[in-house]
Every structure is written in structure tokens, then in C-alpha cells.
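Overview (structure and organization)
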Amino acid sequence: MRNRAICASLDAKELEALNQLGRRQKVARGQTIMWEGDESLVVANVVEGVLKLSTTLGDGREQIVGLVYPSDFIGHPFGQHSHHSVTALTDARVCVFPRKSFDNFAREHPDLEHKLLQRTLTELDRARHRMLLLGRKTASEKIASFLIEMAERLAPQACGPQATTVTADFELPFGRQQVADILGLTIETVSRQLTAMKQAGIIDIPDRRRIIIADMDALAALTGNSD
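Figured I'd write up the structure that's included with this text. The structure presented is a predicted model; accordingly, all values stated were derived computationally and were not measured.

1. Some remarks on the packing of helix 1 (residues 12–21) against helix 2 (residues 99–107)
Contact geometry of helix 1 with helix 2 gives a least axis separation of 10 Å together with a crossing angle of 165°. When the axes of helix 1 and helix 2 are compared, the pair comes out roughly antiparallel. When the axes of helix 1 and helix 2 are compared, the crossing they make is right-handed. Facing Glu14, Ala17, Leu18 and Leu21 of helix 1, the residues of helix 2 in contact are Ser101, Phe102 and Phe105. In the contact of helix 1 with helix 2, the residues fall into five nonpolar, one polar and one charged.

And the structure:
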């Protein structure tokens, strides 16, 4: 996780200085640690668990606009307000930094600022992918894309770019209702699609949370992506 986090560019002395600014915090499932529209007082690195980024519509409905995983960075450095609420989907641990102290540290360490820029561009790519996922893809394409993302984030050693028989084995960090909410589907649709993929031999589902991708190429073919 350390190698993928934004602090990967820091040497041991710089990392120790950054650690002096932060504190570890346990976050219970369902707990919100940042609220949309509030003053941006903290930023954080995810150490363990999965959290959601969400925004609230005018009529009170919630829209999940992203997920964050271990090594991801949350919060808005150099910003005055939080753009999204951040809520734990699972029990989680984060390393929290006062936003102003982190901003000052980043200004003094150009490599860290560069990592923040890379992180911003990556988040922009993810946002564009999510727009395509929610706006244009069919239910089967959404589920296939979602499972591949889960495999890449939760079982990275299983996903090779040239694999034909590569498998991935991971635990979904949340239930099917939350998968449905994330993808804009009903829980019945999610269940039907997972069952169809299991019957086709593309995945196996030993229990409600565990997913084994038996044929990565076949799953990728279902995503509707051109590459």
C-alpha cells in the first residue's frame, strides 16, 4: 500500500516528518468522516477498507460518485470546502492530516505535489469512466466492468495484461444491494447477472461475498470496452 500511496515519493526522513502531522483513525462501517459542503479541515490516506464518495440531490436522494480503496487519497488539498461526503462502506482505517498542515508540507516537497497532480488526473479518468458506466452501458456491461475494477483494486496480483486463463479471487467488501446502488441497478438485476456469469463459467461465487473470476478474457469481453 505504501508503494502506491502519494507518499511513495518521499524518503525516510520526509516520511517521518509527514507521519508527525498525521494520526491513525479507525472508521466504523456507515460512519461519515467528511461531509459535502463543509469546510475542508482534513485530508486522509486510506490504509484499510473501502469508502464511498457521495453527493446529495435536492430531493434528498444520495448519488454515489466514486469508491476509494487502500492507498487512495481522500479530501481536497488546497481547497476550502469538501466536494463530497466520504462514508465507510466497510470498517476502515485511515491516516488523517490537518489540511492546512498537509498543504504546507506539499508546497515544500515538489515530488509530493507531483503525486497529487497524478492523483487528480487519475481521479478525472475514473470519473469519465464512471460517466460511461452509468450513462451508456447495459446491466451486464456494468457488472462485468465493476467486477474487473474490484479485481484490480482488491486482488491486483491476479490481473495480468496478457492473461488468457488468469483468475482473480477476492471478497466483495459490501453486499449486493450496495453493488446495485453503486451501479444504478436493482438488486434483482445484480443477482440475475451474477448468476448468468456463473452459469457461463466466467465466475464462481462460493458464498455471498466471495468472487472467483475464472475467465478474465471472457469477463473483459462483456464490458463493452473497445480496448
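2. Quick notes on helix 6 (residues 187–199)
For helix 6, with 13 residues, the first-to-last C-alpha span of 18 Å sits near the 18 Å given by 1.5 Å per residue. On its buried side, helix 6 packs onto helix 4 (139–154), helix 5 (176–183), strand 10 (203–204) and helix 7 (216–221). Phi turns positive one or two residues past the end of helix 6, at glycine 201, with a value near 80°.

3. Section: the pattern of salt bridges
Here the structure, examined in full by the defined rule, presents six salt bridges. The partner of lysine 52 in a salt bridge is glutamate 62, with the nearest N and O atoms 3.1 Å apart. Of this pair, lysine 52 sits in strand 4 (residues 51–56) while glutamate 62 is found in strand 5 (residues 62–68), placing the two residues 10 residues apart along the sequence. Overall, lysine 52 belongs to the buried group, its relative accessible area being 13%. Between arginine 153 and aspartate 72 there is a salt bridge, with the nearest N and O atoms lying 2.8 Å from each other.

4. Here's the deal with the sheet that holds strand 7 (residues 85–88)
An order of 2-7-4-5 is seen for the four strands of this open sheet, with the pairing classed as antiparallel. The sheet is open, and its two edges are formed by strand 2 (32–34) and strand 5, each paired on a single side. Taken pair by pair, the neighbouring strands of this sheet meet at an average axis angle of 35°, ignoring direction.

5. A closer look at the packing of aromatic side chains
Applying the stated criterion across every chain yields a total of three aromatic pairs. The interplanar angle of 35° and the centroid separation of 5.2 Å between the aromatic rings of phenylalanine 73 and phenylalanine 102 together place this pair among those described as tilted. Note that phenylalanine 73 is positioned in strand 6 (residues 73–74) and phenylalanine 102 in helix 2, a separation of 29 residues in sequence. Neither residue differs from the other here; phenylalanine 73 and phenylalanine 102 are each classed as buried. Where phenylalanine 97 meets phenylalanine 102, the ring centres are 5.6 Å apart and the plane angle is 45°; that geometry is what we call tilted. Pair check on accessibility: phenylalanine 97 and phenylalanine 102 agree, each one buried.

6. Side note on the nonpolar core
Residues Leu67, Phe146, Leu147, Phe174 and Ile213 are the most contacted members of the largest nonpolar core, which totals 31 residues. Among the elements of the structure, strand 5, helix 4, strand 9 (168–171), helix 5, helix 6, strand 11 (210–213) and helix 7 are those that each provide at least two residues to this core. With seven residues, helix 4 is the single largest residue contributor to this core. For phenylalanine 146, the residues in contact, after removing those within four places along its chain, are Leu67, Leu172, Phe174, Val179, Ile182 and Leu183. With 13 residues, the next largest nonpolar core counts Leu51, Leu53, Ile74 and Ala88 among its residues.

Conventions adopted
Residues numbered from 1 in each chain as written. Predicted model: local features only at pLDDT ≥ 70, side-chain atom pairs only at ≥ 80, totals over all residues. Heavy atoms only, no water. Axes fitted to C-alpha atoms, helices over the stretch in contact; angles between N-to-C directions. Helix = DSSP H or I, 4+ residues; strand = E, 2+ residues; numbered from the N terminus. Parallel < 35°, antiparallel > 145°, perpendicular 65-115°, else oblique. Left-handed = near helix turned anticlockwise from the far one by under 90°. Contact = heavy atoms within 4.5 Å. Nonpolar A, V, L, I, M, F, W, Y, C, P; charged D, E, K, R; others polar. Expected span 1.5 Å × (residues − 1). Salt bridge = Lys/Arg side-chain N within 4 Å of Asp/Glu carboxyl O. Buried < 20%, exposed > 50% of the residue type's maximum accessible area, 1.4 Å probe, protein only. Pairing = 2+ DSSP bridges. Phe/Tyr/Trp six-rings, centres within 6.5 Å; stacked < 30°, edge-to-face > 60°. Core = buried A, V, L, I, M, F, W, Y, C linked by side-chain atoms within 4.5 Å.

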